[in-house]
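# Report on the structure
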Amino acid sequence: MKKVVVIGSGFSSLSAATYLAQAGFDVGIYEKNDTVGGRCRQFTKDGFTFDMGPSWYWMPDIFDDYFADFGRKTSEFYALDRLDPGYQIVFEDRSLPIGASVEAIAREFEAIEPNSGGKLKAFLKKAATNYEIAIKKIVLRPGKSPLELITPETAVRVGQFIQSVSDEVKKNFKSPQLRSALEFPVLFLGAKPENTPAFYIFMNHADYGLGTWHPKGGMYEIVKAMKKVAEDLGVCIHTSSPVAKINVSPSGKTTGISLHDGSAIEADYVVSGADYHHSETLLDQAYRQYSESYWSKRTFAPSSLLFYVGFNKKLDQKLLHHNLFFDTDFKAHAKNIYDDPAWPEDPLFYANFPSATDPSMAPEGKEAGFFLIPIAPGIEDTQALRDHYFKRLIERLEAYTNDALEPHIEFVESFCVNDFIEAYNSYKGNAYGLANTLRQTAFLRPKLQSKKVKNLYFTGQLTVPGPGVPPALISGKLVAQLIKEVAS
Ligand SMILES: Cc1cc2nc3c(=O)[nH]c(=O)nc-3n(C[C@H](O)[C@H](O)[C@H](O)COP(=O)(O)OP(=O)(O)OC[C@H]3O[C@@H](n4cnc5c(N)ncnc54)[C@H](O)[C@@H]3O)c2cc1C
């Protein structure tokens, strides 16, 4: 039985481990933290439950496909609710609820811009076609060659790789609010909509077409489910086991890993699901494929300032499960994330109250609040800065709800750049990997297979296909496929 060591236990690692175990490999996972799940960790305090990372469950088909590959069903592991409205966008003068049907969303669009409802339907038709092409064809390719992108369907859509999502949206909608609403989904890919190829409007189908779901008990239920699938397949999971080195023989083949406690684990193949940059630092210099200068020139997805807040009362009805506060100038904020890294003057932010729809997330009569401000990776992170932004955030929330919330805060915990680095060995504290820009798409991303070390592979949000939980599941499947091919 060939042995595989998997570094890290994020979604991509869990996915790779399960597919490899299913194919008959002897698989061991080595995770530095004391729990599995990577950036999808759970924090519990005084009866409150918080997902520390991802909170949007999009593309349920990808999760269903993953479990089906193992003869299992998503519903075996957790109950899913489709949220209606899925979320709302709070603008300066109104809020825009995104309902669970295209008809409902089209009505809201019409109220903002005449004739935009019909245009939205046409736009979503195109987005749905792109989704079919992207998910059924392109995304399942390993990013080895540019030819992978050329299919009969993409050949007639070359313009969509040259134009940006912003161009596509602007062509169809005049209202700045509707434009922001339609540009929001691609923020999950880590770059500005003007730098993201128009083809990626398939994210609008993921959003309006497939909907926003909530796994009862929170996103960590997905991790628990994948851990169960892994254990059922015989994967050995070692937590609190930070990897110190990827060992390489003089013939340029990996022989396994060494842990920080000095023990060595031999393996025929090593797959690292830790951040790609960090994974390469586990190798001697001669075996690294990408230089520091390479990494410093990439566009990374933002880092984030996060707050986990326990409120001792239920909050205003005006706040939904997911709320995007787009009531400030996004262009100025985006400039501080991507072009001129600095703390934003007036940030937009995301507020998540899972207990608004799922009573299991907070004690009765109380509310769990999770807040996220996207920021540039690598910027200064101090307690004073965190306190300053928390105060501003609560003031804006109080103004929106017309309610004094500060006296009702039981506790606040925060997480920012320094924590991302310490907890996950994240490059510059990025929250969700390497952005999917035109120059960082598919075969232009860091490779799944090392060019310098035989039998060494990488998976996760810095390689193909990119950031997000569904792509992480696919990334693990792709890397397992590559190993199965060479091993057979
Ligand atoms: C705040 C936040 C919000 C997000 N929101 C969403 C969302 O709503 N929806 C969505 O789909 N996606 C979201 N994402 C993105 C999504 O969570 C990630 O893209 C995905 O979880 C990444 O999985 P991964 O396996 O690539 O990496 P990770 O989850 O980072 O896993 C890597 C693992 O490697 C471990 N590791 C690192 N170094 C070592 C070492 N030396 N030895 C052993 N182990 C090591 C780390 O501890 C970690 O467990 C969000 C991310 C964040 C941070």
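Quick look at the overall build of the protein chain now. Within the protein chain one finds 17 helices and 19 strands. The C-alpha radius of gyration computed for the protein chain amounts to 22 Å, which stays within 12% of the reference 23 Å derived for 488 residues, consistent with globular compactness. Scored against the burial criterion, the 488 residues of the protein chain give a buried share of 58%. When the accessible surface of the protein chain is split by element, carbon and sulfur atoms take 52% of a total near 19,200 Å². Side-chain charges in the protein chain split into 53 positive and 58 negative, and the spacing between the mean points of these groups amounts to 7 Å.

With that out of the way, let us pick up helix 1 (residues 11-22). For helix 1, with 12 residues, the first-to-last C-alpha span of 16 Å sits near the 16 Å given by 1.5 Å per residue. Judged by how many residues are buried, helix 1 sits mostly within the fold: 11 of 12 residues are covered. When helix 1 is considered as a whole, its buried residues turn out to be Phe11, Ser12, Ser13, Leu14, Ser15, Ala16, Ala17, Thr18, Tyr19, Leu20 and Ala21. Buried residues belonging to helix 1 abut strand 1 (3-7), strand 2 (26-30), helix 2 (60-68), helix 11 (220-232), strand 13 (269-272) and helix 17 (469-487). One or two steps after helix 1, the chain reaches Gly24, where phi turns positive at roughly 100 degrees.

What follows deals with the sheet that holds strand 16 (residues 349-352). Within the open sheet, the 7 strands sit side by side as 7-6-15-16-17-14-18. Their pairing is mixed. Both outer strands of the open sheet, strand 7 (95-98) and strand 18 (409-415), are each paired with one neighbouring strand and no more. Across the sheet, the mean angle separating the axes of adjacent strands is 20 degrees when strand polarity is ignored. Alignment of strand 6 (residues 87-90) against strand 15 (residues 322-325), held across 3 bridges, turns out to be parallel.

With that out of the way, let us pick up the environment of Tyr87. The residue Tyr87 is located in strand 6 in this model. Residue Tyr87 is classed as buried on the basis of its relative accessible area, which comes to 0%. Here the alpha-carbon distance between Tyr87 and Ala100, two residues 13 residues apart in the chain, equals 9.4 Å. Setting aside its immediate chain neighbours within four residues, Tyr87 contacts Trp56, Trp58, Leu96, Pro97, Ile98, Phe184, Asp207, Tyr208, Thr212, Leu320, His322 and Leu324. Separated by 2.5 Å, the side chains of Tyr87 and Asp207 make a polar contact.

Moving on, we come to the packing of helix 1 against helix 11. Contact geometry for helix 1 and helix 11: axes closest at 9 Å, N-to-C directions at 25 degrees. Taken together, the axes of helix 1 and helix 11 lie roughly parallel to each other. Considering how the two elements wind past one another, helix 1 and helix 11 form a crossing that is left-handed. Along the contact surface, helix 1 presents Phe11, Leu14, Ser15 and Thr18, while helix 11 presents Ile222, Val223, Met226, Val229 and Ala230.

Turning next to the packing of aromatic side chains. What the rule picks out here adds up to 52 aromatic pairs. Aromatic pair Phe311 and Phe371: ring centres 6.5 Å apart, planes at 75 degrees, arrangement edge-to-face. Taken together, the residues span a long stretch of sequence, with Phe311 in strand 14 (residues 303-311) and Phe371 in strand 17 (residues 367-375) at a distance of 60 residues. Neither residue differs from the other here; Phe311 and Phe371 are each classed as buried. The residue whose ring lies beneath Lys45 is Phe411, and the NZ or CZ to ring-centre distance is 4.8 Å. For Lys318, the ring lying beneath its charged end belongs to Tyr400, and the centroid distance is 4.3 Å.

Here 5 strands make up an open sheet; going across it, the order is 9-2-1-13-19 and the pairing parallel. Since the sheet does not close on itself, it has two edges, and those belong to strand 9 (236-238) and strand 19 (456-458), each with one partner. If you compare each strand with its neighbour and ignore which way they point, the axes differ by 20 degrees on average. Sheet topology places strand 13 next to strand 19; 3 bridges connect them, and they run parallel. Bridge pairing in strand 19 places Ser272 opposite Phe458. Against the sheet, helix 1 makes contact with strand 1, strand 2 and strand 13, and its axis sits at roughly 165 degrees relative to strand 2, the strand it touches most.

Criteria and thresholds
- Residues numbered from 1 in each chain as written.
- Predicted model: local features only at pLDDT ≥ 70, side-chain atom pairs only at ≥ 80, totals over all residues.
- Heavy atoms only, no water.
- Helix = DSSP H or I, 4+ residues; strand = E, 2+ residues; numbered from the N terminus.
- Rg over C-alpha atoms; globule rule 2.2 N^0.38 Å.
- Buried < 20%, exposed > 50% of the residue type's maximum accessible area, 1.4 Å probe, protein only.
- Areas by Shrake-Rupley, 256 points an atom, 1.4 Å probe, with all protein chains shown as cover.
- Lys, Arg positive; Asp, Glu negative; His and termini not counted.
- Charge placed at Lys NZ, Arg CZ, Asp CG, Glu CD.
- Expected span 1.5 Å × (residues − 1).
- Contact = heavy atoms within 4.5 Å.
- Pairing = 2+ DSSP bridges.
- Axes fitted to C-alpha atoms, helices over the stretch in contact; angles between N-to-C directions.
- Polar contact = N/O pair within 3.5 Å; in protein donor to acceptor, adjacent residues only side chain to side chain.
- Parallel < 35°, antiparallel > 145°, perpendicular 65-115°, else oblique.
- Left-handed = near helix turned anticlockwise from the far one by under 90°.
- Phe/Tyr/Trp six-rings, centres within 6.5 Å; stacked < 30°, edge-to-face > 60°.
- Lys NZ or Arg CZ within 6 Å of the ring centre and 35° of its normal.

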